[in-house]
Each structure stands twice: as C-alpha cells, then as structure tokens.
Amino acid sequence: MSWWQSEQGVAAPAIPAPRTGDDEPELLNAAQSGDAQAAHRLGKLYAQRGDRSAARHWWERAASGGNIDSAYNLGVWHEKHGSLEEAVRWYELAAGTGDAEAALNLATLLLEQRGDLAAARGWYETAARAGSRHAARRLALICEDAGEIAVAREWHRGAAAEGDVASAHDLGFLGYSAGEEDEAVQWWEYAARGGHADAAYHLGLFLQASRDPEGAEAYYRVAAKSEHPGASSQLGGIALSRRDLRTARAWFERAANAGRLEDQRMAGFVCVELSDSQGASHWFGRAAASGDAESAYNFGLLLIAEMGDLQGGQHWFRQAALAGHHRAAMELGGLLSATGRPAEAEKWLTDPPPPTWDRLAEPELHARAELAAAAVARRGGVPLTVADLTEILGTWDLLTRPLRDHADVVVWLVERSGLHAAAVEHLSSVRTTLLRPGSSPWPSQVEVEHVLATARDLRLRLGVR
C-alpha cells in the first residue's frame, strides 16, 4: 500500500515506482478495459507525478473493481485532501476485508477526529488481530484508561512481542505496580535492549532500590547515552559520592542543561567544592531565577561571601524566605538587623517559616519514591512530588532507626508522640505501599498531603528536624 505524497513532496513512505513495463499507454488501455490492477497502478503513476485528481479518478475505478489497495489509498487521499466522511467510507471498505493498515487508520481517524471511542476500539481490535503492533499498543492504552488492566497487559504483550519497546516499558510499570518485580525487570530489560532510555533508567532505579548499586549504575549509563537527564543526575550523584568532583560536575551540568532545577543546584554545590565561584554563581542564579528556594538561599550566601554583595545577598535571601525557606529567613533577619532595619528584621526572626526537610535519604528510598511518582504519573495520573515521597520514607527511617524490633513500631511512635493512632497507621500504610508496590493502590495526592503533615508533626513532637 502507499501513502499520498505530502504538500512538501515528502512521502511517508514513498509511493512505489511503477513496475517495469508499466508505461502509461499500456496501463491506460488496460484500465479503460476494466483491469482494476492496471487502474490501481495508473493511479500510483499519476500520484508520483503529483496529479491528485487523476490519481483519485483511477483509484476510484480500481476500488470499484475490487482493488483494496486503491480503497486504502483513497482513504488516505480524502484524509489529506478531501472530506472526513469520504475517508471513513474508503477506509471502512478496505478495513472490512481485514486490511490492518486501513483498520488502524480508520480507528485513529474515528478516535481523534470524531471522538468515537467505541467504534475506534473495535477497529483497533481488527487491526491488532491482523498483526498491527501499533493498533495493539493503542488498544492497550485505551484499556488502561478504562481500568481494564488485565486486558491492557495482554495487548501490550502483543505489541511488545512484535518489537514495540514503549509497550514493553509500560508492561514493566504495570508489573511493578502490581508487585510483580520479576515481570517488571523482564520487560524493562527487553525495552532497554531495544534502545528505550526511560526503561533503562527505571530499571536502574529498581536495582538501586534493590541495593544493587553496580547494576543500577550500568543501566544509568545506558540511559545516559541517549541523553536521559535523570540518568545524568544519578551518575552525578554516584561520582559525587566517590569525591570525583570534576566527573560529578560534568554529569550534573548535562542534567542541568535539560532544565532540571535540582541539578542546577547540585552543579552549583559542586562548583563551590571546586572553588569555582563563577560557575557556582551561574548555576545557583539560574535555579534561583526559576524559583528554587534552596538555590536562592545559596546564591545569597555566595554573593555575600565571595563578592561582598550585601544588596544582592539580601535580595535572594528575601526571595527564598518568601518561598518558605527557614534558614534564608533567619539570615535575612540577621542581615537586616546589621544594616539598621530592626523592625523588618524582627518580623523574619520572630516568625520565620518552619524548617523544611533537608536531609539526604538513603538512595534506595529515593529510588522507590521516584518509581512510585513515575508509576502514578503514567496515563495522565495526578503527579506526586518525589521530594514529598522521599520525605515520608526518610522520616519513618530516621525516627525508627533506633528500634531493634519493628513489630510494634506504630504503637511505639504513638506512645512517644501522642499522635492519634489512625494518623500514624495511615503513614505506615502509605510507606508500605511505596516500598512494596502491589500491597495496596498507589496513594492519591490528598493522601500524600495528609501523610506528609503527619510525618512533619512526628518530627516536631520527637524533636527531630
């Protein structure tokens, strides 16, 4: 089959050249005598020349004589140059004979142009059963959106078996969310071997969460070859843990150039360690200008310490303090007091924003948080913030670390904090879901907000920041 040549003269794919001996007079004589195949080839010949009207005429003659390829071409012709109704009519004619491409195009047209999900789904099924991996994938996504996860997995498997690495990546997440870790690894490995950078990255996160740092690093490097910013960030953190500052800087800057604020901030920190105040100023300044409070605070410190710029430091302390940064508010108060503005200083010093979580969680906890956030965000889910999930996991880990026996940890936390047992049990339940997916549904954004408030209240009551 062939696609009509586009306005720019680029075919997708190009219309095949006429066969040897298919000269115009011979084809014309045969087509006029009722030869449907000759009429089809004559239509292709005129299509190659850019004569749309003649191509349409002969394809209509051929389709009327039973040539399905011409019916398909007419569907494409009308989709691009004619009417939606005519495109649907010709695609239906071709798809009704079991033609997979026509059924795929028809389903896509019905879904995207008419919003007819039920009809589109039927034609996607026709195309998928005829061997179209693209139809199988679209059908899998429709089933996911409808909550038909078991059916969606079957269609994803069909697409993946035909080489669709995006469906293999999705199968990895469906397996992970169901607690089937072996299934997740199998499909992420398959997709990563097929060049899917996200699959390599998420497999790296899973191995990190499973305490296999060497395996995680190997897959981060695979993803980084495809310029995956998350993988570059992870490799920057690995290099930093080894005190290889120059390598860490290179990786963080690759991620930072993709617009990631946290990596712009980390690039700034590494530049400070390398005594490169100009580089640190560049990265802290970029992140601060984009609203990152921690970078604004550190930019203020840098301006004062390295450049003696009190006015600039005060500006960025204020920006960070207004965004809720506790230490920036205290620094701003001290600076205002020293520069003769005690009234404003008093405001910040007596009522600063509450301290925020700034501890580094264990790498495996951060990896679990990121996997959970990615799983929830699939298919248009309300995204969860990785930092919030990490804070939940890190808080529990920090507070319960002294315990040898974790059997009655909820009771222990309730007794020590005075919080209601239901609140602590809810925190425990969400934590379990993040660490052991499949034990219950992923938490909603509202649940995360409630649980996060409980975690912060626990730290306050137990005197831990």
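Since the structure is predicted, the reported quantities are computational estimates derived from the model, not experimental observations.

1. Things to note about the pattern of salt bridges
Counted under the stated rule, the structure contains 32 salt bridges. Among the ionic pairs, R138 bridges to E112, the shortest N-O distance being 3.5 Å. With a gap of 26 residues between them, R138 in helix α8 (residues 133–145) and E112 in helix α6 (residues 100–114) connect regions that are remote in the sequence. Between E180 and R153 there is a salt bridge, with the nearest N and O atoms lying 2.6 Å from each other.

2. Quick look at helix α3 (residues 52–64)
The end-to-end C-alpha distance of α3, which contains 13 residues, comes to 18 Å, matching closely the 18 Å that a straight helix rising 1.5 Å per residue would cover. Regarding α3, the residues found buried are A54, A55, W58, W59, A62 and A63. Summarising the axial view, the buried residues of α3 lie within an arc of 160 degrees, below the 170-degree limit, and thus occupy one face. Residues of α3 that are exposed and point over 90 degrees away from its buried face: S53 and S64. Those residues of α3 that are buried lie in contact with α1 (24–32), α2 (36–49), α4 (68–81) and α5 (84–95). Just downstream of α3 lies G66, where phi reads positive at about 100 degrees.

3. Regarding the nonpolar core
Ranked by internal contacts, the top residues of the largest apolar core, which has 58 residues, are W188, Y220 and L389. Those residues in contact with L389 that lie beyond four places of it in its chain are A369, A372, A373, L384, L434 and V448. In this structure, A95, A103, L110 and A152 belong to the second largest nonpolar core, which totals 45 residues.

4. As for the packing of aromatic side chains
Evaluated as defined, the whole model comprises ten aromatic pairs. Here W187 and Y190 contribute two aromatic rings whose centre-to-centre distance is 5.7 Å and whose plane-to-plane angle is 80 degrees, an arrangement assigned as edge-to-face. Here Y190 and W187 lie together in helix α11 (residues 181–193), a separation of three residues that amounts to about one turn. The ring of W90 is capped by R89, whose NZ or CZ atom sits 4.3 Å from the centre of that ring.

5. Observations regarding the confidence of the model for the chain
Predicted confidence across the chain gives a mean pLDDT of 91, with 95% of residues reaching 70 or more. Segment residues 1–21 is flagged for pLDDT under 50; beyond a separation of four residues in sequence, or across chains, it makes 47 contacts in the model.

6. A look at the environment of T350
As for its placement among the helices and strands, T350 is situated in helix α21 (residues 342–350). Along the backbone, T350 and A329 are 21 residues apart, and their C-alpha atoms lie at a distance of 9.8 Å. A distance of 2.6 Å separates a polar atom in the side chain of T350 from the backbone oxygen of E346.

7. Some remarks on helix α17 (residues 277–289)
A rise of 1.5 Å per residue sets the reference length of α17, with its 13 residues, at 18 Å; its end C-alpha atoms lie 17 Å apart and thus fit the reference within 8%. For α17, the set of buried residues is G279, A280, S281, W283, F284, G285, A287 and A288. In the core, the buried residues of α17 are packed alongside α15 (245–256), α16 (261–273), α18 (293–307) and α19 (310–322). Residue G291 follows α17 closely and has a positive phi angle near 100 degrees.

8. Some words on unusual backbone geometry
Outside of glycine, negative phi angles account for most residues, and trans bonds account for most peptide bonds. Backbone geometry at E227 places phi at a positive 60 degrees, although glycine is not the residue there. Examined against the element boundaries, E227 turns out to sit in the loop between α13 (213–224) and α14 (229–241). Even without being a glycine, R243 presents a positive backbone phi close to 65 degrees. Relative to the helices and strands, R243 resides in the loop between α14 and α15.

9. Quick look at the packing of α11 against helix α12 (residues 197–209)
Contact geometry of α11 with α12 gives a least axis separation of 8 Å together with a crossing angle of 145 degrees. Where α11 crosses over α12, the two elements pack in a sense that is left-handed. Residue-level contacts link E181, V185, W188, E189, A191 and A192 of α11 to A199, A200, H202, L203 and F206 of α12. Taken together, the residues of the contact of α11 with α12 sort by class into eight nonpolar, one polar and two charged.

10. With respect to the environment of A103
Along the chain, A103 turns up in helix α6. Owing to a relative accessible area of 0%, A103 belongs among the buried residues under this scheme. Sequence separation between A103 and V270 is 167 residues, and the spatial gap between their C-alpha atoms is 55 Å. Among all residues touching A103, those that are not within four sequence positions of it are A95, W123, T126 and A127.

Analysis parameters
Sequence order as written defines residue numbering, which begins from 1 separately in each chain. This being a predicted model, a pLDDT of at least 70 is required before a residue's local features are given, and a value of 80 or more before pairs of side-chain atoms are given or counted; all residues contribute to the totals for chains, interfaces and linings. Side-chain metrics in this entry use all non-hydrogen atoms of the structure; hydrogen atoms and water are not considered. Here, a salt bridge means any side-chain nitrogen of Lys or Arg that lies within 4 Å of a carboxyl oxygen of Asp or Glu. A helix here means a DSSP run of H or I that spans at least four residues, while a strand means a run of E at least two residues long, and both kinds are numbered starting from the N terminus. To estimate the expected span of a helix, subtract one from its residue number and multiply by 1.5 Å. Here's how the labels work: a residue is buried when its accessible area is under 20% of the maximum for its type, exposed when over 50%, partly exposed in between, all with a 1.4 Å probe on protein chains only. What the arc measures is the spread of directions leading from the helix axis to the C-beta atoms. The criterion used for residue contact is that any of the two residues' heavy atoms lie within 4.5 Å. Put simply, a nonpolar core is a bunch of buried Ala, Val, Leu, Ile, Met, Phe, Trp, Tyr and Cys residues held in one set by side-chain atoms that sit within 4.5 Å of each other. Between 30 and 60 degrees the pair is tilted, below 30 it is stacked and above 60 it is edge-to-face, where a pair is any two Phe, Tyr or Trp rings, Trp via its six-membered ring, whose centres lie within 6.5 Å. Note on geometry: a ring has a charge over it if NZ (lysine) or CZ (arginine) is within 6 Å of the ring centre and within 35 degrees of the ring normal. pLDDT gives the predictor's per-residue confidence on a scale running from 0 to 100. Counting of polar contacts relies on pairs of N or O atoms within 3.5 Å, with two restrictions inside protein: one atom must be capable of donating a hydrogen and the other of accepting it, and residues adjacent in sequence are counted only when both atoms are side-chain atoms. Here an angle of 0 to 180 degrees is reported between the N-to-C directions of two axes, which are lines fitted to C-alpha atoms, with helices fitted over the stretch in contact. The sense of a crossing depends on the near helix, which, turned anticlockwise from the far helix by less than a right angle, makes the crossing left-handed and, turned clockwise, makes it right-handed. The nonpolar class holds Ala, Val, Leu, Ile, Met, Phe, Trp, Tyr, Cys and Pro. Asp, Glu, Lys and Arg form the charged class, and all remaining residues, Gly among them, are polar.

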